[in-house]
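In case you want the letters, here they are:
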Amino acid sequence: MTSFVPATTQQREILPQELLRTEPVEQLLETASLYLHIPFCHTRCYYCDFNTYAGILPLREPYVRALLKEIELAGEQAHTIEGQPRRSRTIFFGGGTPSLLTVAQISRLLTACQNAFAVDQDAEITLEANPGTLNKEQLAGIRAAGINRLSMGAQSYDAALLKKLGRIHNPDEITQAVQYARAAGFTSINLDFMFGLPDQTMQHWRETLDKALSLHPEHFSLYSLIIEEGTPFYKWVHEQRITPGDEDLCADMYEYADELLRKEGYVNYEISNWALPGHHSRHNLTYWQNLPYIGMGAGASSFFANERYTDERDPQTYIKRLKGGEIPVAEREEVNTPQAMSETSFLALRTAMGLHLPTFEKRFSQPFSQFVGDRLRVVAEAGLLEQDGDWLRLSQHGRLLGNEVFLRLLPD
Ligand code: SF4
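Residues numbered from 1 in each chain as written. Predicted model: local features only at pLDDT ≥ 70, side-chain atom pairs only at ≥ 80, totals over all residues. Heavy atoms only, no water.

- The name an unreviewed UniProt entry assigns to the protein chain is Coproporphyrinogen-III oxidase, from the organism Ktedonospora formicarum.
- You can read under Subcellular location (unreviewed entry) in the UniProt record for the protein chain the words "Cytoplasm".
- Taken verbatim from the UniProt record of the protein chain, the Pathway (unreviewed entry) comment is "Porphyrin-containing compound metabolism; protoporphyrin-IX biosynthesis; protoporphyrinogen-IX from coproporphyrinogen-III (AdoMet route): step 1/1." (UniProt positions renumbered as here; feature names shortened; annotations may be inferred.)

Here it is as structure tokens:
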């Protein structure tokens, strides 16, 4: 193995020990995390390009029925060689706005997952929610139904910025939603916030983080605004009606948040994610470790049995095809071993933990150094990678260069 610059003490501290105590990879490869896509929103936020729709709330019940059918079919398809239900460690209700479903609908979907898959007793079961759509009774009902983690799209504590984003909630509703969630017994709460927003100052960002910290969430996801084609924001940027935060301000905001959250005991275990010990998102780690997952619902993607496939995006077509008794796959692609090796390295190197070299070798029966060959030495000598024991990760300089490191490191 090429010699690398040893990781600094600070980097060792960020290595979340609980993440090391994972199951053997061959065991994890036999599981499938479950994702359920709920494509309803009251209104569309101006920056959003997710597969989600406003104005189709009457479709909720037919959609839930279609999703129940897909869960049943997907469960049968995913049976193990022995004909047993596939084990699942996590379930994630994402969207859209899953909190726009009734408690009874959420409960039926959860029961269907438990019937079709062998869901772990202590599975992490997350529901994404918007602060403006939550009330006390509903949160108590969701918790009683078995949801044990809430992920809330808070985005900002500044009322004017929330309005500019097209969000339907106000700052007080964030605080209230967290209080209701605590009262309902939630002990694992994530809050999402955005930086680099048009007209957002460092002062706004500091105030947002201070207020959020006073709620003691167990997890933070912090994202810089990305202007996606086809959104109102895209149009407004091109018409020069709005200007997102520049690169330097975004970098300052990121650094400020990272320093503050670390001081408060949070671990930055992935570029955009910070968690108190024991509260990292097991579901998201499935993606970053390139482990199998089955996505169900309109436009949901799966990575299972050496294939990536995506369901029909349009909710009406999705419902219609399920009525016909088929899983409504719209696109399917085989993932060969070299592709899986590249994707596994790429995803792992984006995390703060990095790539666990013995696991890579065990999974693909080839050491990482052999897979990338001489590229490893070149990239390491450029100071872009660091090795700490069995872990390989991007250096600080490497993180700044991001994708360029992967282009230089990974075979075409
Ligand atoms: S609530 Fe979330 S999913 Fe819905 S439009 Fe806004 S950002 Fe998109």
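The rest of the description comes next.
### Remarks on the site of the ligand
Logical step 1: Lining the immediate surroundings of the ligand are Cys41, Thr43, Arg44, Cys45, Tyr47, Cys48, Phe50, Thr52, Gly96, Asn130 and Arg167.
Logical step 2: For the shell around the ligand, the per-class residue count stands at 5 nonpolar, 4 polar and 2 charged. (Near = heavy atom within 4 Å. Nonpolar A, V, L, I, M, F, W, Y, C, P; charged D, E, K, R; others polar.)

### Comments concerning helix α5 (residues 103-116)
An α-helical turn contains 3.6 residues, so a residue and the one three or four places further along point in the same direction.
Logical step 1: Between its first and last C-alpha, α5 extends 20 Å over 14 residues, near the 20 Å set by a 1.5 Å rise per residue.
Logical step 2: Three or more residues of α5 are buried, namely Gln105, Ile106, Leu109, Leu110, Ala112, Cys113 and Ala116. For α5, the angular spread of the buried residues around the axis is 155°, confining them to a single face.
Logical step 3: Buried residues along α5 sit against β2 (33-38), α4 (60-77), β5 (87-95), β6 (118-129) and α6 (136-145). (Helix = DSSP H or I, 4+ residues; strand = E, 2+ residues; numbered from the N terminus. Expected span 1.5 Å × (residues − 1). Buried < 20%, exposed > 50% of the residue type's maximum accessible area, 1.4 Å probe, protein only. Arc of directions from axis to C-beta. Contact = heavy atoms within 4.5 Å.)

### Digging into the layout of surface pockets
Logical step 1: Here the second largest pocket is characterised by a volume of approximately 440 Å³.
Logical step 2: In terms of lining residues, the second largest pocket is bounded by 24 residues, among which Thr22, Val25, Gln289, His356 and Thr359 are the most central.
Logical step 3: Taken together, the elements giving at least two residues each to the lining of the second largest pocket come down to α2 (17-20), α3 (25-28), α14 (337-349), β16 (355-356) and α15 (357-364).
Logical step 4: Sort the elements by how many residues they give to the lining of the second largest pocket and α15 lands first, with 5 residues.
Logical step 5: Tallied by class, residues from the lining of the second largest pocket come to 13 nonpolar, 7 polar and 4 charged.
Logical step 6: Split by domain, the lining of the second largest pocket shows at least three residues from each of two domains, domain 1 (1-16 + 353-412) and domain 2 (17-288). (1 Å grid on protein atoms, 1.4 Å probe; cavity = no way out; pocket = protein on both sides within 12 Å on 5 of 7 lines; lining within 4 Å. Points joined across faces, edges and corners; volume = space filled by probe spheres on them. Domains from an automatic or database assignment.)

### With respect to the domain arrangement of the protein chain
Logical step 1: Structurally, the protein chain comprises domain 1 (1-16 + 353-412) and domain 2 (17-288).
Logical step 2: Look at where the C-alpha atoms of domain 1 and domain 2 centre, and you get two points 29 Å apart.

### Notes on the nonpolar core
Logical step 1: Within the largest apolar cluster, 75 residues are counted, with the highest numbers of intra-cluster contacts made by Ile71, Phe93, Leu109, Met152 and Leu222.
Logical step 2: Residue contributions to this core peak at 8 residues, all from α4.
Logical step 3: Ignoring sequence-local partners within four residues, the contact set of Leu109 consists of Leu36, Ile38, Val64, Leu67, Leu68, Ile71, Phe93 and Leu101.
Logical step 4: Counting 24 residues, the second-largest nonpolar core is a separate cluster that includes Val372, Leu384, Leu385 and Val405. (Core = buried A, V, L, I, M, F, W, Y, C linked by side-chain atoms within 4.5 Å.)

### Some thoughts on the UniProt feature "binding site: S-adenosyl-L-methionine 1" (unreviewed entry) in the protein chain
Logical step 1: UniProt feature "binding site: S-adenosyl-L-methionine 1" (unreviewed entry): in the numbering of this structure it lies at Tyr35, Gly95 and Glu128. For the residues just named, distributed over 94 residues, the greatest C-alpha separation is only 11.3 Å, placing them together at one site.
Logical step 2: Here Tyr35 lies in strand β2.
Logical step 3: For Tyr35, a relative accessible area of 15% translates into the label buried.
Logical step 4: In this structure Tyr35 touches Phe92, Gly94, Gly95, His283, Tyr287, Ile294, Gly295, Met296 and Ala300, once residues within four positions along its chain are discounted.
Logical step 5: Sequence-distant contacts of Gly95, that is, excluding residues within four places in its chain, are made with Tyr35, His37, Ile38, Phe50 and Glu128.

### Quick notes on α6
Logical step 1: Buried residues of α6: Gln138, Leu139, Gly141 and Ile142, and no others. Relative to the axis of α6, the buried residues are bounded by an arc of 160° and lie together on one face. Exposed residues on α6 whose side chains face more than 90 degrees from its buried face are Glu137 and Ala144.
Logical step 2: Where α6 is buried, its residues contact α5, β6, β7 (149-155) and α8 (171-183).
Logical step 3: Backbone nitrogen of Glu137 and a side-chain oxygen of the N-cap are separated by 3.2 Å at the start of α6; the cap is Asn135. (Polar contact = N/O pair within 3.5 Å; in protein donor to acceptor, adjacent residues only side chain to side chain.)

### Points about the pairing of strand β9 (residues 219-224)
Logical step 1: The pairing of strand β8 (residues 189-195) with β9 spans 6 bridges and is classified as parallel. Bridging from a neighbouring strand, Asp192 pairs with Ser221 of β9.
Logical step 2: Considered for its hand, the β-α-β crossover made up of β8, helix α9 (residues 202-213) and β9 is right-handed.
Logical step 3: Relative to strand β11 (residues 273-275), β9 runs antiparallel, the two sharing 3 bridges. Bridge pairing in β11 places Phe220 opposite Trp274. (Pairing = 2+ DSSP bridges. Right-handed = clockwise from strand over helix to strand, strands pointing away.)

### So, the UniProt feature "binding site: S-adenosyl-L-methionine 2" (unreviewed entry) in the protein chain
Logical step 1: Cross-referencing UniProt, the feature "binding site: S-adenosyl-L-methionine 2" (unreviewed entry) maps to Gly96, Thr97, Gln155, Arg167 and Asp192 in the present numbering.
Logical step 2: Structurally, Thr97 can be placed in the loop between β5 and α5.
Logical step 3: Apart from the residues lying within four places of it in its own chain, the contact partners of Thr97 are Ile38, Phe40, Cys41, Asn130 and Thr133.
Logical step 4: As for its position among the elements, Gln155 is in strand β7.
Logical step 5: We classify Gln155 as buried; its relative accessible area is 7%.
Logical step 6: In this structure, Gln155 is in contact with Tyr47, Leu162, Leu165, Arg167, Asp192, Phe193 and Met194, ignoring residues within four places of it in sequence.

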